[in-house]
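Coordinates in review
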Amino acid sequence: MNEKREDIRNIAIIAHVDHGKTTLVDQMLRQSGTFLAKDQTNVDRLMDSGDIEKERGITITAKNTAICLPQAKINIVDTPGHMDFGGEVERTLQMVEGFLLLVDAAEGPLPGTRFVLQKALALNLKPMVLINKIDRKDADVQRVESEIHDLFLEIAIEAEHLDFTVLYGSSKNGYVSDNPDARSGNMQPLFDLILSNVPAPVQKDEDLQLLITSIDHSDYVGCIGIGRIFNGKINFGKQIICCKDNKVSNPTKITKLYQFEGLAKKEVEAARFGDIVAVAGFEGEVTIGTTICDVDKPKPLSYVAIDEPTLSVYFSVNNSPFSGKEGKFLTSRQIRDRLYKELKTNVALRVEDTDSPETFKVSGRGQLHLGILMETMRREGYEFQVSAPEVIYKEINGKKCEPFELLTIDVGAEYQGVVMEGLGTRKAILQEMTPYGENKLKLEFKIPARGLIGYRSQFMTATRGTGLLNHRFFDYEKFVGDITERINGAMVSMENGAVTAYALDALQPRGTLFVGPTVNVYEGMIVGEHNRENDIDVNPAKKKKLTNMRASGSDDTVKLAPPKIMTLEEALEWINDDELIEITPESIRLRKRYLKSFERKKNK
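Residues numbered from 1 in each chain as written. Predicted model: local features only at pLDDT ≥ 70, side-chain atom pairs only at ≥ 80, totals over all residues. Heavy atoms only, no water.

**Overview of the overall build of the protein**
Rule in force here: Runs of H or I in DSSP of at least four residues are treated as helices and runs of E of at least two as strands, each being numbered from the N terminus. Throughout, exposure labels follow a simple rule: accessible area from a 1.4 Å probe, protein chains only, divided by the maximum for the residue type, with under 20% read as buried, over 50% as exposed, and the rest as partly exposed. It only takes one pair of heavy atoms within 4.5 Å for two residues to be counted as in contact. In these tables, accessible area is a Shrake-Rupley quantity obtained with a 1.4 Å probe, and a residue counts as shielded only by the protein chains included in the view.
Helix and strand counts for the protein come out as 14 helices and 38 strands. Counting all 604 residues of the protein, 53% fall into the buried class. In the protein, 71% of the contacts between residues at least 6 apart in sequence involve partners at least 24 apart. If you sum the accessible surface of the protein, you get close to 28,100 Å²; carbon and sulfur atoms cover 48% of it.

What follows is the structure in structure tokens.
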């Protein structure tokens, strides 16, 4: 039995970070006439949810929306473009029949483009391509289109994957065309392409199969499962069971059923195959990868395997002298419960208990993946400390192996030497060098994942902020030996107290300061980066001795350079194995694992 629904299309929009996915969805929502509340009509990036996504301008979690055209309803999945959130991409691409690949008209295909395209083609989805931002001054549409065709030739699995239509446009200015020279218009060519190219959903069985690919929560109705109905139909009040692998739940009843319309969930009485829906009424917590079935016919759908984590850190209870002063949730039980709660929705994350009841090993897909979790927890009121990131090693055929990344760098030709010198010490191997544009180079390296830790800030300094750096997971290969860690040592406070301008004035020539005057510090806290390789103990709270003598010039106002304030990602890159990051809702502090100087010497 193969029944088709021509009144619906399901597509995913995929791209590298910052190539314009969310802006494109904004325009599709507006130009399709899909209802928007009055207070949303002048808001950009409508699909960004949460403060972190809005601040950083990146998609972190995959989201659903839908637009209604006269011919059909189009369900849209907006996926992240960063490889660290690959788990979000992998689980949501299962819901669609086709995808639209966005590529920047100047930057061309980047590692994120390759990553998301590979995942989409592995699921045999129908491809479409949009070369975006053709209005950029440095756009090179011809070169980028050639690179896209090369990329498809390289990773296509079936011959039909090479049969795709290319459109050109500008999400920001709201137009798409089949002419690369167009500079005006609307989204209609894109709507027409989706309706004509993306296969309509097909039902192969009348028995209900609804695959849950995302989880939401409501204080009113409890756990909400979001997913795609592949077969059958579902209605309000229906008795269902939840199946996953060999497990089958007790029967339960659907208490709420929603479909997506614009940015809202609309309550409906019934839905059928092809629809993307949200359902509530589960007795316990439903998990991602669960299939909802008819009570007497458990038929779980296969769920795509998620790539394994490559990086881990240790979360532990904050035991610094400032513990408990700024956070609401401090105990090991609270931290543990929060981390295990994250596992229900963050499918690429792993959490393990350790020998210490106060420490938990958390593994993820990269520094950004783990950093976003830390930032989310601190905004929720959690206080904790984390160790330096470690790569996850594997033993393959009796040999120790480590994860390697493919690193792509775009720089001016004048920075080629300093970039290659910096990467050489990190065991990177140059794979390809391609000149393009005016005096620009695209360099591709294969590098151990360890070698990338701490490199981004060094790279931005070396290229004066003009370089572009992107990377993606390649494979596990033989361990390549030791890699030089941070070259500079730390300036470590040997006193408790408030920092004084007088003390900082004396410390300025010795390195880069991380704190300013009046900041409270404790013994063992890192207050700066030393100019030399060794750590030094300093007293940033030292006060000037008072006398009744006044010397000409020496009492003038102290002039201090602004301190370097570390972001969470920068701190993760900077710290060494003997150091920790203290994270609270109000502060990010760097500290030594052992606070006392004699303890550090003893454990060195």
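**A word on the nonpolar core**
Cut-off, in case you're wondering: Among buried residues, the Ala, Val, Leu, Ile, Met, Phe, Trp, Tyr and Cys ones that are joined through side-chain atoms within 4.5 Å form a nonpolar core.
Ranked by internal contacts, the top residues of the largest apolar core, which has 38 residues, are Phe99, Leu101 and Ile131. Ranked by residues supplied to this core, first place goes to helix H5 (residues 141-155) with 6 residues. Residue contacts for Ile131: discarding those within four places in its chain leaves Val103, Ala105, Val141, Val144, Glu145, Ile148, Val166, Leu167, Tyr168 and Gly169. Among the nonpolar cores identified, the runner-up in size contains 34 residues, and Phe360, Leu370, Leu373 and Tyr382 belong to it.

**A word on the pairing of strand S38 (residues 588-592)**
For clarity, the threshold we go by: DSSP calls a pair of strands paired once it identifies at least 2 bridges connecting them.
The element S38 is largely enclosed, with a buried count of 4 among its 5 residues. As defined by bridge partners, strand S37 (residues 579-583) adjoins S38 across 5 bridges and the pair is classed as antiparallel. Across the sheet, the residue bridging to Glu579 is Lys592, located in S38. Hairpin geometry of S37 and S38 is characterised by an intervening segment of 4 residues between the two adjacent antiparallel strands.

**Some points on the state of the cysteines**
The test is simple: In this description, the term disulfide denotes a pair of cysteine sulfurs within 2.5 Å.
Within the structure shown, the criterion is met by 0 disulfides. Unpaired in terms of disulfides, Cys242 finds its nearest cysteine sulfur in Cys243, a separation of 7.3 Å. Free of any disulfide, Cys243 has its nearest cysteine sulfur in Cys293, 3.8 Å distant.

**Notes on the confidence of the model for the protein**
The following threshold applies: Confidence per residue, as judged by the predictor, is encoded in pLDDT with a range of 0 to 100.
Within the protein, residue pLDDT values average 82, and 89% of them lie at 70 or more. When mean pLDDT is taken per element in the protein, strand S24 (residues 384-387) scores highest with 93 and helix H2 (residues 51-56) scores lowest with 49. Taken together, the stretch residues 45-49 has pLDDT below 50 and engages in 29 contacts with residues farther than four places along the chain or on a different chain. When the criterion is pLDDT under 50, residues 53-61 qualifies, and its contacts beyond four places in sequence or with other chains add up to 38 contacts.

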